[in-house]
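One letter stands for each residue in the lines below.
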Amino acid sequence: MQPEARDIEAQVRLIEPVVERIGDDEGDELPFVVVDAFIPETPV
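Quick caveat, the model's predicted, so the values are computed rather than measured.

## Structural notes on the pairing of strand 3 (residues 29-34)
And then number 1: For strand 3, a buried count of zero out of six residues is recorded, marking the element as mostly open to its surroundings.
And then number 2: Sheet topology places strand 2 (residues 18-23) next to strand 3; six bridges connect them, and they run antiparallel. The residue of strand 3 that forms the bridge with Val18 is Val34.
And then number 3: Linking strand 2 to strand 3, which pair antiparallel, is a turn of five residues; within it Gly27 sits at a positive phi near 90°.

In structure tokens:
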């Protein structure tokens, strides 16, 4: 399974991370980091 995972890893494309900050009801700021990953479908 590891060789197959290495083949898929080479095809993965990551989008630049985006940091979002959202304030809660108590006035605290909560940071969220969002990263999109595109993993192409490979034929079995």
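Now that the structure has been shown, the text picks up again.
## Points about a nonpolar patch on the surface
And then number 1: On the surface, Val18, Ile22, Leu30, Phe32 and Val34 cluster together to form a nonpolar patch covering roughly 400 Å² of accessible area.
And then number 2: Those elements that place two or more of their residues in the nonpolar patch are strand 2 and strand 3.
And then number 3: When residues of the nonpolar patch are assigned to their parent elements, the largest contribution, three residues, is made by strand 3.
And then number 4: Tracing the sequence through the fold places Ile22 in strand 2.
And then number 5: Owing to a relative accessible area of 43%, Ile22 belongs among the partly exposed residues under this scheme.

## Quick word on the confidence of the model for the protein chain
And then number 1: Summary statistics for the protein chain give a mean pLDDT of 82 and a share of 91% for residues scoring 70 or more.
And then number 2: Considering each helix and strand of the protein chain separately, the mean pLDDT is smallest for helix 1 (residues 2-9), with a value of 77, and largest for strand 3, with 90.

The rules behind these values
Residues numbered from 1 in each chain as written. Predicted model: local features only at pLDDT ≥ 70, side-chain atom pairs only at ≥ 80, totals over all residues. Heavy atoms only, no water. Buried < 20%, exposed > 50% of the residue type's maximum accessible area, 1.4 Å probe, protein only. Helix = DSSP H or I, 4+ residues; strand = E, 2+ residues; numbered from the N terminus. Pairing = 2+ DSSP bridges. Patch = residues over 30% accessible without salt bridge, like charges linked within 9 Å, V, L, I, M, F, W, Y side chains within 5 Å. Areas by Shrake-Rupley, 256 points an atom, 1.4 Å probe, with all protein chains shown as cover. Salt bridge = Lys/Arg side-chain N within 4 Å of Asp/Glu carboxyl O. pLDDT = per-residue confidence, 0-100.

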